[in-house]
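The chain contents come next:
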Amino acid sequence: MNVFYIDVGQVMGSTYIIPSIAPMLFFLTLGQFGTGEIIFSRRHFSNLLTGLAWCMTFVLVYTWTYQKMWFMSLVCYDFVVGTAIFLFLSALESLLAKIFPVNLIAALICALTFFFWLIPFVQAVYYCMFWHCLSPASLMALYLTNWRESIDFIRSNIGDIGAIIILSAIGFLLWKVYRSHKKILIELREKIFSKVQICAAAATFIASTATLIYFVPQTSIAGLWKNVTDYVAETEKYSVDHDARVATLEINSTKTLAAKSKGTVIVVIGESASRTYMKAFNPNFPFDNTTWLSSKLVTREAGRGNNFFPTPLIEKDFKSTAENTPNTAPVDGNFIIFQHAYASWSQTVPVLQRALTEQSQYNDKEFYKSVSIVDVARKCGYKTFWFSNQGRYGEYDSAVTLVAKTSDVAEWTDDAYDFSHKYDESLLDFLTTLNPNENNFVVLHLMGSHIYYNSRYPSNFKKWTTADGTGMMTAAPAYANTILYTDFILSKIFDYAEKNLNLQAMIYFSDHGEDLKISHNPDVFSFDMVRVPMFVYLSPAYEKNFPAQVETLKLHEKEYFTNDMIFDTVCGILNAPSNHYDAGQDFSSAEYKFNRDNLTTMLGQIKISDDVGESF
């Protein structure tokens, strides 16, 4: 193993190998004596492979991913744990062979083998899918994911047939392991062990168990997992002293939008919407899927053509009706559609914890010490509402949920710890509960274009289809349909609020984008994952009271922006500068200080100027 690590990691070195080499050699020798078999025997083959999987998998996929060596200390821990797993399984099998029925012991060893293989197997499969090792980002997504989304993720990447093949292969291998151990146990029942050998096996079992308990939390993958759980624990501090933080927020409430022009402000958060695949932002995109939003744009000519997108094929049963066609009649006020907005990351929670609070890529503020747009709105005199069709990301409060729950009213379409399977139009009912005579600040969180795409829109929005009508779960036509549906939902939100809620401002942006080949996994980044749509609507009354903000936003229509600065921009639109506000990050301010050259994405890892593929 030390020779193996020379090529794929770092030589473990005397500092790490010497303290562990003597006890490992001792218990390997003791284990062979106690079990009556040498390490490299048919009887130990299955257990040996299981131990080697723990020794080797993470170090291999890490090295292949990053083309650099892993840390010596962690290499040593993986090696120790892999050795302990081998000894644990072998010693346990010997100790139980003559005590319990063969079938029961074989089933137990088979189950333990599956348990110990689970993490190396997941690492190997993930690498084969994305040619990237599990990273803190992917582990964070795993931590924040509920079982429904996990199933969606698997099906979307390997398909139902692929999943069945893999599960069948796992079942077959487990059956072979069971049969192999059953045969070995029958042989062990016939073998005579001395009391000294039994004691040696027992000592080996106890030592290996203690080793696993102590060293597993120190292995490579456990260390990355701890980073994730530490982050979650830190995030949950947001609720601690929240009221005290808000008390420090200083806003001149007599000059705010709420004071100058009573009415409703709506912030709509999209999901997985990439402007690459939206006609209003990319004239080259052949699917005309933004009827309503395009009607608010000054006509733009298409850029250079491309052959990347499939030719749109209209579903034969599709019909344009009042139920799927938005109202495109002109309206008073200003629609400002920003051509170059980007996400700060390619996953929802890291993006929104920054978009919704003063934390951003460009400052050193911590989420749990920040105030949010909800806090600012309440301080301005708004009654705050959060309505979500997203569910609650697992069985704990994510950063998004923590902010949402500080609203005066926070409701989810099914109020479950699951992703909703309801369509986004279910959010429209919440708007009817608002009092039009009050100042309302409303956040609507859409399900948008989250995979599976064909699950995100009703049948009457199935306008485009694949040539044979199959494969719509992740196909470009299905994604175009999700955007068509989102465009319709945005139009309905606007129409109702403009007619019934004295709408003063409406802001829309997506959390992140989508790559139609690889979704939005940060381990296999592409700019489609972070190119996001964004627009602002400002009423005539708003323009009358705050002409400077309107003019500045118009001037910034073709400027560059990342959505972790939404907090400051919302503050600017509300005309609510404070001691927690940065005008340099406010897109509505003349002091906005960013451009294509100094903006970044992926939390500062990638420059926006590297996006040379944006030709629209």
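Heads up: the structure comes first, above all this text.
Since this is a predicted model, take the numbers as computed values, not measurements.

**Remarks on the overall build of the chain**
Thought 1: A tally of helices and strands in the chain yields 20 helices and 12 strands.
Thought 2: Of all 616 residues assigned to the chain, the portion counted as buried reaches 56%.
Thought 3: In the chain, of all internal contacts separated by at least 6 residues, the share reaching a separation of at least 24 is 78%.
Thought 4: For the chain, the exposed area adds up to about 26100 Å²; of that, 60% sits on carbon and sulfur atoms.

**Overview of the side chain of Thr57**
Thought 1: Here Thr57 is to be found in helix H3 (residues 45-66).
Thought 2: Leave out the neighbours within four places in its chain, and Thr57 touches Pro120, Gln123 and Ala124.

**Comments concerning the sheet that holds strand E4 (residues 383-388)**
Strand pairs in the sheet, formed through backbone hydrogen bonds, run parallel or antiparallel to each other.
Thought 1: What the seven strands build is an open sheet, ordered E2-E9-E7-E1-E6-E4-E5; its pairing is mixed. For this open sheet the edge positions go to strand E2 (334-337) and strand E5 (409-412), each flanked by a neighbour on one side alone. Across this sheet, the average inter-strand angle for adjacent strands is 10 degrees, counted without regard to direction.
Thought 2: As defined by bridge partners, strand E1 (residues 264-270) adjoins strand E6 (residues 440-445) across six bridges and the pair is classed as parallel. Within E6, the position partnered with Val265 by the bridge is Phe441.
Thought 3: On the sheet, helix H17 (residues 476-500) packs against E1, E2, E6, strand E7 (503-510) and strand E9 (534-538) and is oriented at approximately 165 degrees with respect to E7.

**Observations concerning the packing of H3 against helix H5 (residues 102-130)**
Thought 1: Two numbers describe how H3 lies on H5: the axes approach to 9 Å, and their chain directions differ by 25 degrees. One element, H3, and the other, H5, form an angle in the roughly parallel class. Of the two elements, H3 crosses H5, and the hand of that crossing is left-handed. Of the residues in H5, those touching H3 at Ser46, Leu49, Thr50, Ala53, Trp54, Thr57, Phe58, Val61, Trp64 and Thr65 are Thr113, Phe116, Trp117, Ile119, Pro120, Gln123, Ala124 and Tyr127.
Thought 2: Looking at the contact of H3 with H5 residue by residue, the classes come out as 12 nonpolar, six polar and no charged.

**Structural notes on the pairing of E9**
Thought 1: In terms of residue burial, E9 counts as a mostly covered element, since five of its five residues are buried.
Thought 2: Looking at chain direction, E2 and E9 are connected through four bridges and run antiparallel. Residue pairing across strands places Ile337 opposite Phe535, the latter belonging to E9.
Thought 3: Alignment of E7 against E9, held across five bridges, turns out to be antiparallel.

**Side note on the pairing of E7**
Thought 1: A large share of E7 lies buried, amounting to eight of its eight residues.
Thought 2: As paired elements, E1 and E7 share seven bridges and run parallel to each other. The residue bridging Ile269 from the neighbouring strand is Phe509, located in E7.

**Quick word on the nonpolar core**
Thought 1: Membership of the largest hydrophobic core comes to 68 residues, with the highest contact counts inside it found for Val376, Tyr382, Trp386, Phe441, Leu538 and Leu574.
Thought 2: For Tyr382, the residues in contact, after removing those within four places along its chain, are Leu257, Ala258, Gly263, Val265, Ala377, Asp408, Asn439, Asn440, Phe441 and Leu574.
Thought 3: Counting 51 residues, the second-largest nonpolar core is a separate cluster that includes Phe461, Trp464, Ala480 and Leu490.

**Topic: the environment of Met529**
Thought 1: When you line up the elements, Met529 lands in the loop between E7 and strand E8 (531-532).
Thought 2: With near-sequence residues (within four places) excluded, Met529 lies in contact with Ser346, His512, Gly513, Glu514, Asp515, Ile518, Ser519, His520, Asn521 and Val524.

**Side note on the sheet that holds strand E3 (residues 340-342)**
Thought 1: The three strands are arranged E8-E3-E10 in an open sheet whose pairing can be described as mixed. In the strand order of this sheet, the two ends are held by E8 and strand E10 (560-562), each with one partner.
Thought 2: Where E3 and E8 come together, two bridges link them in antiparallel fashion. When the bridges of E8 are listed, Ala341 appears paired with Val532.

**As for helix H8 (residues 195-215)**
Thought 1: Its 21 residues give H8 an end-to-end C-alpha distance of 30 Å, which sits within 8% of 30 Å, the value for a rise of 1.5 Å per residue.
Thought 2: Within the span of H8, buried status applies to Gln197, Ala200, Ala201, Thr204, Ala207, Ser208 and Leu212. One side of H8 carries all its buried residues, which in axial view fall inside an arc of 135 degrees. In H8, the exposed positions that point more than 90 degrees away from the buried face belong to Lys195, Cys199, Ile206, Ile213 and Tyr214.

**A closer look at the packing of aromatic side chains**
Thought 1: For the structure on display, the rule yields 41 aromatic pairs.
Thought 2: With centroids separated by 4.9 Å and ring planes inclined at 90 degrees, the aromatic side chains of Tyr214 and Phe215 adopt a geometry described as edge-to-face.
Thought 3: Take Tyr214: its relative accessible area is 55%, and that puts it in the exposed class.
Thought 4: For the ring pair Tyr277 and Tyr479, a centre distance of 5.4 Å and an interplane angle of 80 degrees mean the geometry is edge-to-face. You can see Tyr277 sitting in the loop between E1 and helix H12 (291-294) and its partner Tyr479 sitting in helix H17, a full 202 residues away along the chain.

**A few points about the pattern of salt bridges**
Pairing between side chains of opposite charge can happen when the charged atoms of each approach one another.
Thought 1: Going through the model one piece at a time under the given rule, you end up with eight salt bridges.
Thought 2: A salt bridge links Lys191 to Glu37; the nearest nitrogen and oxygen atoms lie 3.7 Å apart. Of this pair, Lys191 sits in the loop between helix H7 (147-190) and H8 while Glu37 sits in the loop between helix H2 (13-35) and H3, placing them 154 residues apart in sequence.
Thought 3: Judged by its relative accessible area of 29%, Lys191 falls in the partly exposed class.

Procedures and definitions
- Residues numbered from 1 in each chain as written.
- Predicted model: local features only at pLDDT ≥ 70, side-chain atom pairs only at ≥ 80, totals over all residues.
- Heavy atoms only, no water.
- Helix = DSSP H or I, 4+ residues; strand = E, 2+ residues; numbered from the N terminus.
- Buried < 20%, exposed > 50% of the residue type's maximum accessible area, 1.4 Å probe, protein only.
- Contact = heavy atoms within 4.5 Å.
- Areas by Shrake-Rupley, 256 points an atom, 1.4 Å probe, with all protein chains shown as cover.
- Pairing = 2+ DSSP bridges.
- Axes fitted to C-alpha atoms, helices over the stretch in contact; angles between N-to-C directions.
- Parallel < 35°, antiparallel > 145°, perpendicular 65-115°, else oblique.
- Left-handed = near helix turned anticlockwise from the far one by under 90°.
- Nonpolar A, V, L, I, M, F, W, Y, C, P; charged D, E, K, R; others polar.
- Core = buried A, V, L, I, M, F, W, Y, C linked by side-chain atoms within 4.5 Å.
- Expected span 1.5 Å × (residues − 1).
- Arc of directions from axis to C-beta.
- Phe/Tyr/Trp six-rings, centres within 6.5 Å; stacked < 30°, edge-to-face > 60°.
- Salt bridge = Lys/Arg side-chain N within 4 Å of Asp/Glu carboxyl O.

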